Amino acid sequence: RDTTNDFQLKNYSKFLEEYTSQLKGIEEALDDSIGDVWDFTLDPIALKLLPYEQSSLLELIKTDNKVNKNKKIFFFSIACPHSCLLYIFLIAETKFYSGLLYYGEGVSDTSVVEGESQIQMGRFISFLQELSCFVSRCYEVVVSIVHQLAALYNSNKGATKIIESSGVHFQVMYEHLGELLVVLLTLDEIMENHGTLKDHWKMYKRLLKSVHHNPGKFSIPEEKLKPFEKLLLKLEGQLLDGMILQACVEQRFDDPGEGVAVAKNSAFAEEFAFNIRTIFANVESKIGEPSEIDQRDKYAGVCGLFVLHFHIFRSVDKKLYKAMLDICKKVPAVTLIANIIWFPDAFLTAKVPAAAKLMDKKSLQAIRAQRDAYLQQRAQTLTKDVQSYYVFVTSWMMKMESILSKEHKNDKLAEDLNSRCNVFVQGILYAYSISTIIKTTMNMYMSMQRPMTKTSVKALCRLVELLKAVEHTFHRRSMVVADSVSHITQQLQSQALNAIGMAKKRVISDKKYSEQRLDVLSSLVLAENALNGPSTKERRLVVSLALCVGTQLKTFKDEELLPLQLVLKKLDLISELSERVKLQCDCSFLYWHRAVFPIYLDDVYDNAVDAARIHYMFSALRDSVPTMLHAKHMESCDQLLESYDKEIMDVFNEHLLDKLCKEIEKDLRLSVHTHLKLDDRNPFKVGMKDLAHFFSLKPIRFFNRFIHIKAYVTHYLDKTFYNLTTVALHDWATYSEMRNLATQRYGLTMTEAHLPSQTLEQGLDVLEIMRNIHVFVSRYLYNLNNQIFIEKASNNKHLNTINIRHIANSIRTHGTGIMNTTVNFTYQFLRKKFYIFSQFMYDEHIKSRLIKDIRFFRETKDQSDQKYPFERAEKFNRGIRKLGITPDGQSYLDQFRQLISQIGNAMGYVRMIRSGGLHCCSSAIRFVPDLEDIVNFEELVKEEGLSEDTQRAGSVLDSVLGDLTSNSAEGTEYFKMLVGVFAPEFRSAKNMHLRNFYMIVPPLTVNFVEHSISCKEKLNKKNKNGAAFTDDGFAMGVAYILKLLDQYLEFDSLHWFQAVRDKYKKELNAVAKEQNVQSAGQDEKLLQTMNLTQKRLDIYLQEFELLYFSLSSARIFFRADKTAAEETQEKKDKEEAAKAEGASDGSTSSEQALK
């Protein structure tokens, strides 16, 4: 038992050790140091910082004064934003604003089909109906709030008082009422500025008239059409005529049925006006200042309240009206949503005409002129603003990083939290200020249709980047910010509780009892209860309402009240930190100003050093995606998203990616070809742009893709280099060098261009040569000894060559069958060339000269020692020129020589094909150990008893090895075939004129030698056009044609090359004698002339000797040692020998059979 226990204990301890190591690994993986920085583009999850609880408003509102206080607080809690207004604001901002703004978007002007506009409006009708219901609901809420406030502040002394309202000002209520009026105002402004919507509406109404006149054609019952027409009229009157707000303020607010008097309620009128003045005073002091946070929105609300007050009570506070107009000088316009801008002066003048009449016209004109002045001033100061905000935001980001990276110290916790709170609030203030500048400037330029300078556009784009930088900074530190926010809200709640606690003690210490004092005490207790919990919107709403009552009777001293209000304002900001940051940094308005994107990209391209900022711009462009999801005019909002995605990507490709690709390619090309000195690349003269910064960028996220600039450019270069290498294989080295340079200079990981089934030195393909053999033989020169073809001339810096290895590679690619096809093509080519050859030989001028030369040689050969005179050949060569020359200075004999060279080149190519085939076969069979003793694999497989498939495979292998062995041992005698096919025709009686050919060979050789020397001399000249060092095609051609005509003996009878040697040696001896004579006379000039003459004679003799050697070599291929008659006899002898051998074999076998 003890042993078992020990064993189990050991196992358990082992398990614990393993488990501990696993836990340690998990702990390290989830360590704080990993993942404390969040990437804006890659986060699979997000933190939502909004406080939340499940308690209802009724549970939150519990006070000791149960009778009155519960009634009052609950009443206002329901009336205030949480239950109704907040929902209205949310629906308006997310659903209705976006749906209206994006109407008509996503359809290009060029691709609009007839009837598309009516279809869009047809889809949109249901949305407009929903909007109509929403507006009607807003009207009811406005009436309800006004009635509740009128009941609270009733000047009728006989009316029942819900609460003692003197000294109690529910300012929050009026602010939210103002916000609701701004919603209606925004809808009006969107409709007013939406030309597309109005145009489509008119077209839709016209369509409806057509349907009304002929309902049967459209299969619509007439009884359904009339209600629909009424609905459209109602929608048009309510929504499209720009009267949404006007209809709201002109409602009938007096309701005798409910006993609520509004218009004649002087107490309510006074309270209403007091709250407008109070809110305006708060707005006026902050608007346009660095600490401004939401004053512009409140200013719009105040204007709405002022108009509502005017329409209800028909009285105007001229002083307030003038003060409100004066703000327009500081803030000429307010952006309501996206690209919708609102001019307060125009609004107040139109909606309160009674007050506008009392104003001086000049002052109104001055306000309008102020708009132009504002734009001019903004254009001048924009660059400076960008610089200053750049400093502010970067220093703020550094503060954020330093504060958030510090750990909390217990002794300085309050101070640390306070500094964090201030930094967070400062970030929101910066974001608000920057956002306001961008929106106001861009929208004012668009609304007033003024052109914006490129400098201004670049500056505004910089501000957009700063705005997104603020948002990204908050997001990067989401973990720490989330942790800090909860602590900061607790600290702020604690400070507020302390202030309220002191006020509560003050109230309790006063022993005088009154109903009002009890209300104050209860409201303070309620505020305390609301602050003891999560900082939700409901609790903060309860606190603000409770303090509206709790601040009367001087419960707070002046020096206590302001800090408390500041703490509560901070509490609002910090509790909604993430929402506020998202709202202030939202750049969805850029959708309406996306025309600036190309200019921005050009700027990024020109200033590549800070290319990383492009991430911020794409983040800003992504902001409009959530709002697009509410578009209703298309079948699916995906169509709008796709259109936007395509538009942005097209611009990005055109203005950055394509330019970058071409610039990089150009730079690589110029760097590789520096030796050509194409243009001035001195960076001090032409400037220098370091584009490598783009390749260090992280991939940019946009929609559902990542744009990796480095990968895009790499792919472009890979594709370009590969395609161009396939087009011109001889440039592979250049592109390889460019690849290496791209890696060294830009850090691009390039792909090697492994071209399929090719080698880098393949040269021209056999198929290509075969198809264009007429071009090939005229553009390439043959070298007999090295078996190589060299290009005559090229536009490139080097000449192409083709050798046996290239041919072997091609044969390996296409198979050995290509060899016979090539010989067939060559045969077709030779037929055409021989036709020209025959015509030349048949020409009277040529034929007569040759016959004369033959007769002359026969008559004088005894005197000339059986040698054809050199002078006669030279005379023939010169005499041909008299018959005429081509524009480029060539005689008929020059052209005939070229013809023979081309025939010889074709034969050289056939020889190379045969050699290449042998090379290919020998390469393929090099792994067979002994060609004389190859085992039979089929028999071996059968012996082992393997499957039929294996046996078939063995049989195939045997046949392949057999083919390779026979091909490598002996190639097909293509020369013999090409001689055999043409020889009978050449030697026939009808082609007797060809028999004179051997006599034209001497003049041809003279012509060839002159041409060859001329080509070789050009090798040393700067202009190498026409330079060459070999042309053995001529020797091959002469040897081939002599064989076809069976004229080797006739040509040899001329002893031509012996005559040439004798002639040049004689001249050389004469020059040597002359030199000996002149050397005594010391005439230097004459000696130099003699030396040059000797050199020239040596060169000519050497060229003739080279030609003689080449011709002798070429003759070997065509068996020049035998005449046609001897070959025929040899063939007969072989056949007879074969027959005799067959007969003897037969008799031997019959004898064996008999035995």
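These figures come from a predicted structure and were not determined experimentally. (Residues numbered from 1 in each chain as written. Predicted model: local features only at pLDDT ≥ 70, side-chain atom pairs only at ≥ 80, totals over all residues. Heavy atoms only, no water.)

1. Things to note about the overall build of the chain
No. 1: When its secondary structure is counted, the chain shows 45 helices and seven strands.
No. 2: Burial statistics for the chain: of 1155 residues in total, 47% are counted as buried.
No. 3: Sequence separation of at least 24 residues holds for 79% of the intrachain contacts in the chain that already meet a minimum separation of 6.
No. 4: Working note: accessible area of the chain is about 60,500 Å², and carbon and sulfur atoms make up 53% of it. (Helix = DSSP H or I, 4+ residues; strand = E, 2+ residues; numbered from the N terminus. Buried < 20%, exposed > 50% of the residue type's maximum accessible area, 1.4 Å probe, protein only. Contact = heavy atoms within 4.5 Å. Areas by Shrake-Rupley, 256 points an atom, 1.4 Å probe, with all protein chains shown as cover.)

2. Some thoughts on the side chain of Q493
No. 1: In this fold, Q493 is placed in helix α18 (residues 478–509).
No. 2: Those residues in contact with Q493, other than ones at most four positions away along the chain, are L531, G533, P534, S535 and L571.

3. Looking at the packing of aromatic side chains
No. 1: Here the structure, examined in full by the defined rule, presents 60 aromatic pairs.
No. 2: Summarising the aromatic geometry, the rings of Y827 and F982 are spaced 5.4 Å apart at their centres and angled 40° between planes, so their arrangement reads as tilted. Of the two residues, Y827 is situated in helix α33 (residues 817–842) and F982 in helix α39 (residues 974–987); the sequence distance between them amounts to 155 residues.
No. 3: Overall, the relative accessible area of 26% leaves Y827 in the partly exposed class. (Phe/Tyr/Trp six-rings, centres within 6.5 Å; stacked < 30°, edge-to-face > 60°.)

4. A closer look at a nonpolar patch on the surface
No. 1: Residues Y12, F15, L16, Y19, L23 and I26 make up a contiguous nonpolar surface patch of about 600 Å² in total accessible area.
No. 2: Assignment of secondary structure puts L16 in helix α1 (residues 2–29).
No. 3: A relative accessible area of 37% means that L16 is categorised as partly exposed. (Patch = residues over 30% accessible without salt bridge, like charges linked within 9 Å, V, L, I, M, F, W, Y side chains within 5 Å. Salt bridge = Lys/Arg side-chain N within 4 Å of Asp/Glu carboxyl O.)

5. Things to note about the side chain of S619
No. 1: On the secondary structure map, S619 appears in helix α24 (residues 614–622).
No. 2: At 3.2 Å, the side chain of S619 forms a polar contact with the side chain of H472. (Polar contact = N/O pair within 3.5 Å; in protein donor to acceptor, adjacent residues only side chain to side chain.)

6. Examining the sheet that holds strand β7 (residues 801–803)
No. 1: The sheet built from three strands is open, its strands ordered β5-β6-β7 with antiparallel pairing. Edge positions in the sheet fall to β5 (780–783) and β7, since each has one partner strand and no second. With strand direction ignored, the average angle separating the axes of adjacent strands in the sheet is 20°.
No. 2: With three bridges connecting them, strand β6 (residues 788–791) and β7 associate as antiparallel partners. Within β7, the residue paired with I790 across the bridge is T801.
No. 3: Lying over the sheet, helix α36 (residues 892–924) contacts β5, β6 and β7, oriented at roughly 130° with respect to β6. (Pairing = 2+ DSSP bridges. Axes fitted to C-alpha atoms, helices over the stretch in contact; angles between N-to-C directions.)

7. Considering a positive patch on the surface
No. 1: Taken together, the side chains of K852, R855, K875 and K882 define a basic patch exposed on the protein surface.
No. 2: Along the polypeptide, K852 turns up in helix α34 (residues 844–860). (Lys, Arg positive; Asp, Glu negative; His and termini not counted. Charge placed at Lys NZ, Arg CZ, Asp CG, Glu CD.)

8. Details of the pattern of salt bridges
No. 1: The tally for this structure, following the rule as stated, stands at 49 salt bridges.
No. 2: Across the pair D572 and R540 runs a salt bridge whose closest N-O atoms are separated by 3.0 Å. Here D572, found in helix α21 (residues 558–575), pairs with R540, found in helix α20 (residues 537–550); they are 32 residues apart in sequence, far enough to count as distant.
No. 3: Among the residues examined, D572 registers a relative accessible area of 27% and is labelled partly exposed.
No. 4: A relative accessible area of 12% means that R540 is categorised as buried.

9. Things to note about helix α40 (residues 997–1018)
No. 1: An ideal rise of 1.5 Å per residue puts 32 Å on 22 residues; α40 measures up with 31 Å between its terminal C-alpha atoms.
No. 2: Where α40 bends most, at P1003, the angle is about 30°.
No. 3: Counting buried residues in α40 gives 16 out of 22 residues, a clear majority hidden from the surface. (Expected span 1.5 Å × (residues − 1). Bend = angle between axes of the 7 residues up to and from the residue.)

10. Quick word on the nonpolar core
No. 1: Grouped together as the largest cluster of nonpolar side chains are 224 residues, with contacts concentrated most on F134, F652, F694 and I709.
No. 2: Sorting elements by how many residues they give to this core places helix α5 (residues 116–152) first, with 18 residues.
No. 3: Among all residues touching F694, those that are not within four sequence positions of it are V604, Y605, A608, A611, L656, L660 and I709.
No. 4: Of all hydrophobic cores here, the second largest spans 91 residues; its members include Y868, Y974, L978 and F982. (Core = buried A, V, L, I, M, F, W, Y, C linked by side-chain atoms within 4.5 Å.)

11. Some points on the environment of E222
No. 1: Note on placement: E222 falls in helix α8 (residues 222–240).
No. 2: Residue E222 is classed as partly exposed on the basis of its relative accessible area, which comes to 42%.
No. 3: Sequence separation between E222 and V211 is 11 residues; the distance between their C-alpha atoms is 9.4 Å.

12. Digging into the state of the cysteines
No. 1: Following the criterion strictly, the structure yields zero disulfides and no others.
No. 2: No disulfide involves C585; its sulfur sits 7.3 Å from the nearest other cysteine sulfur, which is in C587.
No. 3: Under the relative-accessibility criterion, C585 is labelled buried at 0%. (Disulfide = S-S within 2.5 Å.)

13. Digging into the confidence of the model for the chain
No. 1: On average, residues of the chain score 85 in pLDDT, and 90% of them are at 70 or above.
No. 2: The secondary structure element of the chain with the lowest average pLDDT is helix α3 (residues 68–79), at 45, and the one with the highest is helix α9 (residues 244–249), at 95.
No. 3: Predicted confidence for residues 65–82 stays below pLDDT 50, and this span has 50 contacts to residues more than four positions away or in other chains.
No. 4: Per-residue pLDDT stays below 50 along residues 1148–1155; that stretch engages in zero contacts with residues further than four places along the chain or on separate chains. (pLDDT = per-residue confidence, 0-100.)

14. With respect to the packing of α36 against α40
No. 1: Between α36 and α40, whose axes approach to 10 Å, the crossing angle comes to 95°. By the angle between their axes, α36 is roughly perpendicular relative to α40. Counted together, L893, D894, F896, R897 and I900 of α36 and F997, I1000, P1003, L1004, N1007, F1008 and H1011 of α40 form the full contact between these two elements.
No. 2: The class makeup of the residues in the contact of α36 with α40 is eight nonpolar, two polar and two charged. (Parallel < 35°, antiparallel > 145°, perpendicular 65-115°, else oblique. Nonpolar A, V, L, I, M, F, W, Y, C, P; charged D, E, K, R; others polar.)

15. Considering the environment of S838
No. 1: By secondary structure assignment, the location of S838 is in helix α33.
No. 2: Along the primary structure S838 and H993 are separated by 155 residues, whereas in three dimensions their C-alpha atoms are 8.0 Å apart.
No. 3: Apart from residues lying up to four places away in sequence, S838 is in contact with H993 and L994.
No. 4: Within polar-contact distance, the side chain of S838 engages the side chain of H993 at 2.9 Å.

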